[in-house]
Amino acid sequence: MAEFVRTVEGRTILMVPKSSLTAKVPSKIPAFFNPAAKLNRDLSILAYSAFAASSGKKTFADSFTGIGARALRVAVEVPEVEQIYCNDINCVAIEAAKEAARLNSVTDRCHFSVDEVCKFLLKGDKEGDRYSIVDLDPFGTPARHVDCVLRSVLDGGLVSITATDTAVLWGVYPKVCLRRYYGRPLNNSYGNETAIRLLLSLTALTASRLELAINPVFVHATKHYLRVYAKISVSSSQANDVYNNIGYVMHCFQCGHRFNTKDYGRGKCELCNNGLTVGGQLWTGSLHDKEFIKKMLEQDPDRQCKKVLEAAVEEASEIPYYFRADEISSKLKSNTHSVQKIIEKLHAAGFVASKTALNTSAFKTDARIDSILDVLS
C-alpha cells in the first residue's frame, strides 16, 4: 500500500491516499478520502454516541465507507456500538480500511464487504437482521439509495444521510431537483434550509410508503454538503400522518416575505402584491430534537462542533425560514446589524427569535419581514 499513509483523525488511525492530504479536490483513485469532511464525521460520532447511549442492539452499517474513516472512528470512539459493517465498491479502499482496523485493534468488531450499496444493506448483519444505525454518504445525490437505507434499519433505529448535489437542491438545476426529490427548489437567501427540507421530504415520503415514519433529530449544512439525522419508527398510523409535516414554501423575491402553506398555489404577496414563487413540496416540521442534541453536547465536543450544536439547541427550528442579517440591512440601507442585536430587539418587541445552526449570519423569527424592518428601523 505504497500510495497510502497513516493519519490520525479524532482518536483513530486511518490509512489514506497520500495525495488526499494535499489535493484541493481529493481523487477517487486509488480511494476516496476528504480531510475537509472532518466536521461531518466529528458530528456523526457525537450523534452516534448520543443514540447508542439509549438504544438496545447496536450495529452500524456504513454503505459508502471508502477507506473507512467514519466506520473505523465509530469502532474506536463509540465502543457501545457492538458490530461495525463497512462496505464499498472499491476493493482498494476496503483493503486500506482493513489495515486501519488492524492498526486500531478493532478487527474483531469490523466486517468488510465489496458490494453495491443496496445489495449490502438488504443482506443485513451477520444474523441477517437490520442495523440499528445506517449511514449513507455518497458522491452526489443520496436519492437513489434512500429506499434501501430505510428498509435496512431497525424499528427505533437511526439513519444519517448526506447530500452533496447541493447545486441541484439549492435551485441551480430545478428540473433535476424535481426528478430526484419530488420538490421544486428555491435559489434564494435561505437555500440550504429549503435544500435540507427537500431531502427530509423525500426521506419522509419514501418512509411512509414502507409503513415507516421519520423524526429528524439533527441537521447541518456546509458549502459542499447537507446532512440529516432521523430516528425511524415502524408505524402505519404515523406514516398516515406524513402530510402533517409536508407542504410548500411561498417566497416573494421582491420584498422577501416567506411562509409555509399546505396548498400549492402561486398568488400575490400580501405585503407588496408581487407574484409569489412556490418551493416544494418539502418538510415543514421541526429540524432538531433538542434533547438529542443536548446528549451530543454531553460528549465533550471540540469548539467547532460545540458552536454548531449550541446554535441548534437554541434554534427555533419549528419556524421556517431563516433571515440573513445582510438581507435585512440591504433593505434598510444600513450597516449590517449583528445577529445577537437583531435577536435582542425582536425579543424586546415580543417576537420569538433565535440563531440558526444553518447559517452563523442569520436568525429565525416568527415576525414577518415587514415587522422585522419596523423593529430595526
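Above this text you will find the structure in question.
Report follows, based on the coordinates. Nothing here was measured: the structure is a model prediction, and the numbers come from that model.

Calculation rules
- Think of each chain on its own: its residues are numbered from 1, step by step along the sequence as written.
- A pLDDT threshold of at least 70 governs which residues receive local features in this predicted model, and a stricter bar of 80 or more applies before side-chain atom pairs are shown or counted, although totals over entire chains, interfaces and linings include all residues.
- The basis for every side-chain value is the complete set of heavy atoms in the structure, and neither hydrogens nor water enter the calculation.
- Strands here are runs of E lasting at least two residues and helices are runs of H or I lasting at least four, both read from the DSSP assignment and numbered beginning at the N terminus.
- The atom set for the radius of gyration is the C-alpha atoms, and the globule formula is 2.2 Å times the number of residues raised to the power 0.38.
- Categorising residues by exposure relies on relative accessible area from a 1.4 Å probe, with only protein chains included: less than 20% of the type maximum marks a residue as buried, more than 50% marks it as exposed, and the intermediate range marks it as partly exposed.
- Whether two residues are in contact is decided by their heavy atoms, any of which lying within 4.5 Å being enough.
- Every accessible area reported is derived by Shrake-Rupley at a probe size of 1.4 Å, with residue values counting cover from the shown protein chains alone.
- Within this scheme the basic residues Lys and Arg register as positive and the acidic residues Asp and Glu register as negative, but His and the chain ends are omitted.
- Here the site of a charge means atom NZ of a Lys, CZ of an Arg, CG of an Asp or CD of a Glu.
- Two rings belonging to Phe, Tyr or Trp (six-membered ring only in the last case) form a pair when the distance between their centres is within 6.5 Å. Interplanar angles under 30 degrees mark stacking, angles over 60 mark edge-to-face geometry, and anything in between is tilted.
- Note on geometry: a ring has a charge over it if NZ (lysine) or CZ (arginine) is within 6 Å of the ring centre and within 35 degrees of the ring normal.
- Here the rule is simple: two strands pair whenever DSSP picks up at least two bridges between them.
- The convention used is that axes are lines fitted to C-alpha atoms, helices contributing only their stretch in contact, and that angles between N-to-C directions extend from 0 to 180 degrees.
- Here, the term disulfide refers to a pair of cysteine sulfur atoms separated by no more than 2.5 Å.
- A pairing counts as a salt bridge when a side-chain nitrogen of Lys or Arg comes within 4 Å of a carboxyl oxygen of Asp or Glu.
- What sets the label is the angle itself: under 35 degrees gives roughly parallel, over 145 gives roughly antiparallel, 65 to 115 gives roughly perpendicular, and the rest give oblique.
- In a left-handed crossing the near helix is turned counterclockwise from the far helix by less than a right angle, and in a right-handed crossing that turn is clockwise.
- The nonpolar class holds Ala, Val, Leu, Ile, Met, Phe, Trp, Tyr, Cys and Pro. Asp, Glu, Lys and Arg form the charged class, and all remaining residues, Gly among them, are polar.

## Let's talk about the overall build of the protein
1) Next: Scanning the protein from terminus to terminus reveals 14 helices and 15 strands.
2) Next: Relative to a compact globule of 377 residues, whose C-alpha radius of gyration would be 21 Å, the protein shows 21 Å and is just as compact.
3) Next: Dimensions of the protein along its principal axes, counting C-alpha atoms only, are 65 × 45 × 35 Å.
4) Next: Expressed as a percentage of the 377 residues in the protein, the buried residues total 57%.
5) Next: Sequence separation of at least 24 residues holds for 67% of the intrachain contacts in the protein that already meet a minimum separation of 6.
6) Next: Here the protein displays about 16,100 Å² of accessible surface, and carbon together with sulfur accounts for 49% of that area.
7) Next: Of the side chains in the protein, 47 bear a positive and 41 a negative charge, and the two mean positions are spaced by 5 Å.

## Side note on the packing of aromatic side chains
1) Next: Going through the model one piece at a time under the given rule, you end up with 10 aromatic pairs.
2) Next: On the numbers, 6.4 Å between centres and 75° between planes, the contact of Tyr190 with Tyr322 is edge-to-face. Linking Tyr190 in the loop between helix 7 (174–181) and helix 8 (191–209) with Tyr322 in the loop between helix 11 (303–314) and strand 13 (323–324), this pair joins segments that are 132 residues apart in sequence. Tyr322 matches Tyr190 in its accessibility class, with the two residues each being buried.
3) Next: The ring of Phe139 carries Lys28 above its face, with NZ or CZ at 4.1 Å from the centroid.

## A closer look at the sheet that holds strand 8 (residues 212–221)
1) Next: The strand order across the open sheet formed by seven strands is 5-4-3-6-7-9-8, and the pairing between neighbours is mixed. Of all the strands in the sheet, just strand 5 (110–113) and strand 8 have a single pairing partner and so form its edges. Between one strand axis and the next, the sheet turns by 15° as a mean value, whatever way the strands run.
2) Next: Where strand 4 (residues 83–87) lies against strand 5, four bridges are found, and the strand directions are parallel.

## Concerning the sheet that holds strand 15 (residues 359–365)
1) Next: Overall, antiparallel pairing links the three strands, which are arranged 13-15-14 in an open sheet. Of all strands in the sheet, those bounded by a partner on one side alone are strand 13 and strand 14 (353–356).
2) Next: Sheet topology places strand 14 next to strand 15; four bridges connect them, and they run antiparallel. Residue pairing in the sheet places Ala353 in a bridge with Thr365 of strand 15.

## What to know about the state of the cysteines
1) Next: The final tally for this structure, using the stated rule, is one disulfide.
2) Next: The residue that forms a disulfide with Cys118 is Cys148, at a sulfur-sulfur distance of 2.0 Å. Taking the sign of the torsion about the S-S bond as the criterion, the disulfide between Cys118 and Cys148, at about 95°, is right-handed. Of this pair, Cys118 sits in helix 4 (residues 117–123) while Cys148 sits in helix 5 (residues 146–151), placing them 30 residues apart in sequence.

## Brief notes about the environment of Lys58
1) Next: Within the secondary structure, Lys58 is located in the loop between helix 1 (38–52) and strand 3 (59–62).
2) Next: Classification of Lys58 as buried rests on a relative accessible area of 14%.
3) Next: A sequence separation of 27 residues divides Lys58 from Ala31, and the C-alpha atoms of the two residues are 28 Å apart.

## So, the pattern of salt bridges
1) Next: For the structure shown, the criterion picks out 23 salt bridges.
2) Next: In this structure, Asp137 and Arg70 form a salt bridge, with 2.5 Å as the shortest nitrogen-oxygen distance. Separated by 67 residues along the polypeptide, Asp137 in the loop between strand 6 (131–136) and helix 5 and Arg70 in helix 2 (residues 69–77) bring together distant segments of the chain.
3) Next: Classification of Asp137 by relative accessible area gives partly exposed; the value is 24%.
4) Next: In this structure, a network of salt bridges that share partners links the residues Glu9, Lys38, Arg41, Asp42, Arg73 and Glu77.

## Let's talk about the packing of helix 1 against helix 10 (residues 290–297)
1) Next: The interhelical angle for the contact between helix 1 and helix 10, taken along N-to-C directions, is 110°, at an axis separation of 8 Å. Taken together, the axis directions place helix 1 and helix 10 in an arrangement best described as roughly perpendicular. Helix 1 and helix 10 meet at a crossing whose hand is right-handed. Side by side, helix 1 and helix 10 meet where Leu43, Leu46, Ala47, Ala50 and Phe51 of the first sit next to Phe292, Lys295 and Met296 of the second.
2) Next: Of the residues in the contact of helix 1 with helix 10, the class split is seven nonpolar, no polar and one charged.

## Looking at helix 2
Along an α-helix, residues three or four apart share an orientation, since each turn contains 3.6 residues.
1) Next: Along helix 2, eight of the nine residues are buried, which leaves the element largely enclosed by surrounding structure.
2) Next: Residues Ala69, Arg70, Ala71, Leu72, Arg73, Val74, Ala75 and Glu77 constitute the buried set of helix 2.

## With respect to the side chain of Thr166
1) Next: With respect to the helices and strands, the residue Thr166 is situated in helix 6 (residues 166–170).
2) Next: Taking relative accessible area as the criterion, Thr166 reaches 13% and is therefore assigned buried.

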